Amino acid sequence: MKLAAIAVFVGLAPLVACAADPQYIQPERGIEVGTGNPDDMGTATETVLLPYDAELLNSTDFQRDREAFLTELNARVEPDVTIDQLPLIRLDQIDVSIEWTIRNLSEEPGEARININGGNQYFVYVPDNFIIDPEDDEEPSPPPLAGNVPIDIPALGDVSGVFREDTLRESALDLDLITRGLINPFAALLNIHEDIKNSSEVVYTPYPPDQDNPPPAPAPMPIEIFAQFVQLDVTFTADRHMVLEYAIRIRDPEGLLHDELLDAPPEELYVFTPAVYTPTLTAP
Amino acid sequence: MASPRLSAAALAAVVLAAPAAADARPASRGIFTEAGLGATGFIGPHQADAAVGPAIALRGGYDLFSWFSVGVHLAASSHEATVPPPPEGEWFQLYRAQADGRLGFRVDELAFFAEGGLGIGYISSNVLGKVGVTDPGEDFSITFGAGGGIEYQIKNRHYAFGLAGDWWLMPDLDALSGVDVRLYLRYTY
């Protein structure tokens, strides 16, 4: 009997492990820049709306689970969180990473950059929206949520890499700190916040920094109400003719994504309508 | 040259006659379990899309006769996807469960068998979707399997060791097919 028990345990262990098996969202075409076409400025952006299952997110079971989660959360945090402040897709419900490969199609070595931005169900982050004076050429826009690292690509060669899960978790966290937490994007993006339990642990630094009457700090946000990405904006810039191919890898133990991912019928995907964030907007 | 029909008849005669003719080592008969470790590799058009990976297998069943048993065969294997990047270096798992039958004979401490079955298979990820193995939302397939092996009966009548190899096919996953090889320990109650 001992042998049988060991055999059953060994056999079932992988089945338990597969509960968070990753799924891959792979856009059919890569992002190609540097083609020499007149409208090709050497940079291009592709937006991927993560395919969340509308039937699940609209179900009464899902709503009941959210309300139960909120009740349990409000029993231990102050001030109380409202249902509107609790995102449909919370930060720790899925894990996202992006694997990429850049192919240099030219016969000269070049340099490329990948910028990752995106949005949660409330706001989309657009760095250029933080420029106060558009006529000031020296005013820098904040960095992207992730990336913006120069990558050397050999002639006719390719380079692969990954934006890891912890990197994109930090990006999603920073997105919420910047938008609903009203934190200066430079401060949010240049510091690591992966271990915070509440937004009150982050020094409040409104943007722009030199206001006579800065807005008051918003109510503290427990980590449980930070939102996960619902869209990713991938920007590829290169100084040669290059192609970026990427795959979004998602671990989704709760099955929030549609089984057919991007191939699902559009009416079966949940439609989020985040606002494009500008510093003057008021967070909910 | 003997005809295929004649060869099959001869093989069947050997299979059926061997248990009676051989002086087989005593072995338990009845309910049994097997636990095996080995490797699984893909063959056919998707051979290049995944590396050979470690595999485990469980089989339990009942010896209806000394030469025929029925059982349930569970197998799991883990593979590195070797599709064109991205992604790169990602792993996925393949699970198979099938009802099967095993036909064999024993000569002293050695047993020889052939087996085959039908069941269901599951692939844990769509990482092979890029090469057409999975379609959107598709991760299950019916599974056919067939193979054979050799088993060594130790002096304890409950235990035997074996080496088996199986071919399998998942028609719904773009006719994904592969080969398992495993060493196993068998316990017969």
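Here the structure is shown first, and the text comes after it.
Remember, it's a predicted structure, so these values are computed and weren't measured experimentally. (Residues numbered from 1 in each chain as written. Chains lettered and ligands numbered in written order. Predicted model: local features only at pLDDT ≥ 70, side-chain atom pairs only at ≥ 80, totals over all residues. Heavy atoms only, no water.)

Trainee: Is there a simple way to think about the side chain of Gln228 of chain A in this case?
Mentor: All names here are of chain A. Take Gln228: it is sitting in the loop between α5 (185-190) and β10 (231-238). Looking at Gln228, the relative accessible area reads 3%, which means it is buried. Among the polar contacts made by the side chain of Gln228, one reaches the main-chain carbonyl oxygen of Leu91 at a distance of 2.9 Å. (Helix = DSSP H or I, 4+ residues; strand = E, 2+ residues; numbered from the N terminus. Buried < 20%, exposed > 50% of the residue type's maximum accessible area, 1.4 Å probe, protein only. Polar contact = N/O pair within 3.5 Å; in protein donor to acceptor, adjacent residues only side chain to side chain.)

Trainee: Got a minute to help me understand the pattern of salt bridges in this structure?
Mentor: Note on pairing: side chains with opposite charge can pair once their charged atoms come close. Per the stated rule, a full pass over the model turns up 25 salt bridges over all chains. Ionic pairing is found between Arg103 of chain A and Asp158 of chain A, a salt bridge with its closest N-O pair at 3.6 Å. Here Arg103 of chain A is found in strand β4 (residues 95-104), whereas its partner Asp158 of chain A is found in strand β9 (residues 158-163), with 55 residues between them in sequence. Salt bridges here are not isolated pairs; linked through shared partners, they connect Glu34, Arg59, Asp63, Asp100, Arg102, Glu115, Glu151, Asp166, Arg182 and Arg186 of chain B. (Salt bridge = Lys/Arg side-chain N within 4 Å of Asp/Glu carboxyl O.)

Trainee: Before we go on, may I ask you to explain the sheet that holds strand β5 (residues 110-123) of chain B in this structure?
Mentor: Through backbone hydrogen bonds, the strands of a sheet pair up, either in parallel or in antiparallel fashion. All names here are of chain B. The sheet built from eight strands closes into a barrel, its strands ordered β1-β2-β3-β4-β5-β6-β7-β8 with antiparallel pairing. Adjacent strand axes in the sheet meet at a mean angle of 25° when their direction is disregarded. Where strand β4 (residues 91-107) meets β5, 14 bridges bridge the pair, whose relative direction is antiparallel. Within β5, the residue paired with Arg102 across the bridge is Glu115. (Pairing = 2+ DSSP bridges. Axes fitted to C-alpha atoms, helices over the stretch in contact; angles between N-to-C directions.)

Trainee: Explain the nonpolar core to me, please; I cannot follow it from the model alone.
Mentor: In globular proteins that are soluble, nonpolar side chains generally tend to be buried together. By size, the foremost hydrophobic cluster in this structure holds 68 residues, and its most contacted members are Tyr52, Ile102, Ile114, Phe236 and Ile248 of chain A. With six residues, the top contributor of residues to this core is helix α4 (residues 165-179) of chain A. With near-sequence residues (within four places) excluded, Ile102 of chain A lies in contact with Ala112, Ile114, Ile151, Ile153, Gly157, Asp158, Val159, Phe236, Met242, Val243 and Leu244 of chain A. Val127, Leu128, Val133 and Leu173 of chain B belong to the second-largest nonpolar core, a separate cluster that totals 15 residues. (Core = buried A, V, L, I, M, F, W, Y, C linked by side-chain atoms within 4.5 Å. Contact = heavy atoms within 4.5 Å.)

Trainee: Sorry, what's going on with α4 of chain A here?
Mentor: Since the α-helix advances by 3.6 residues per turn, residues separated by three or four positions end up pointing in the same direction. Residue and element names in this part refer to chain A. The end-to-end C-alpha distance of α4 is 21 Å, a good match for the 21 Å that 15 residues give at a rise of 1.5 Å each. Taken residue by residue, α4 has Leu168, Arg169, Glu170, Ser171, Ala172, Leu173, Asp174, Leu175, Asp176, Leu177, Ile178 and Thr179 as its buried positions. Summarising the contacts, the buried residues of α4 are in contact with β4, β5 (110-119), β6 (123-125), β7 (146-147), β9 and α5. (Expected span 1.5 Å × (residues − 1).)

Trainee: What is the right way to look at the packing of aromatic side chains in this model?
Mentor: Each aromatic ring pair is summarised here by two numbers: the centre-to-centre distance and the angle between the ring planes. Counted according to the given criterion, the structure contains 15 aromatic pairs over all chains. The interplanar angle of 55° and the centroid separation of 6.1 Å between the aromatic rings of Phe42 of chain B and Phe92 of chain B together place this pair among those described as tilted. With Phe42 of chain B in strand β1 (residues 31-43) and Phe92 of chain B in strand β4, this residue pair connects regions lying 50 residues apart in the sequence. In this structure Phe92 of chain B comes out as buried when scored by relative accessible area, which is 0%. Consider the rings of Tyr95 of chain B and Tyr122 of chain B, whose centres lie 6.1 Å apart with planes at 25°: the pair is stacked. Taken as a pair, Tyr95 of chain B in strand β4 and Tyr122 of chain B in strand β5 lie far apart in primary sequence, 27 residues in all. Taking relative accessible area as the criterion, Tyr95 of chain B reaches 8% and is therefore assigned buried. Counting every residue linked through ring pairs, the aromatic cluster contains Phe123, Tyr125, Phe130, Tyr207 and Tyr277 of chain A. One Lys or Arg, Arg90 of chain A, reaches over the ring of Phe69 of chain A and ends 3.7 Å from the middle of that ring. A cation over a ring is seen here: Arg186 of chain B above Phe32 of chain B, with NZ or CZ 4.1 Å from the ring centre. (Phe/Tyr/Trp six-rings, centres within 6.5 Å; stacked < 30°, edge-to-face > 60°. Lys NZ or Arg CZ within 6 Å of the ring centre and 35° of its normal.)

The values reported here are purely geometric and, on their own, carry no functional implication.
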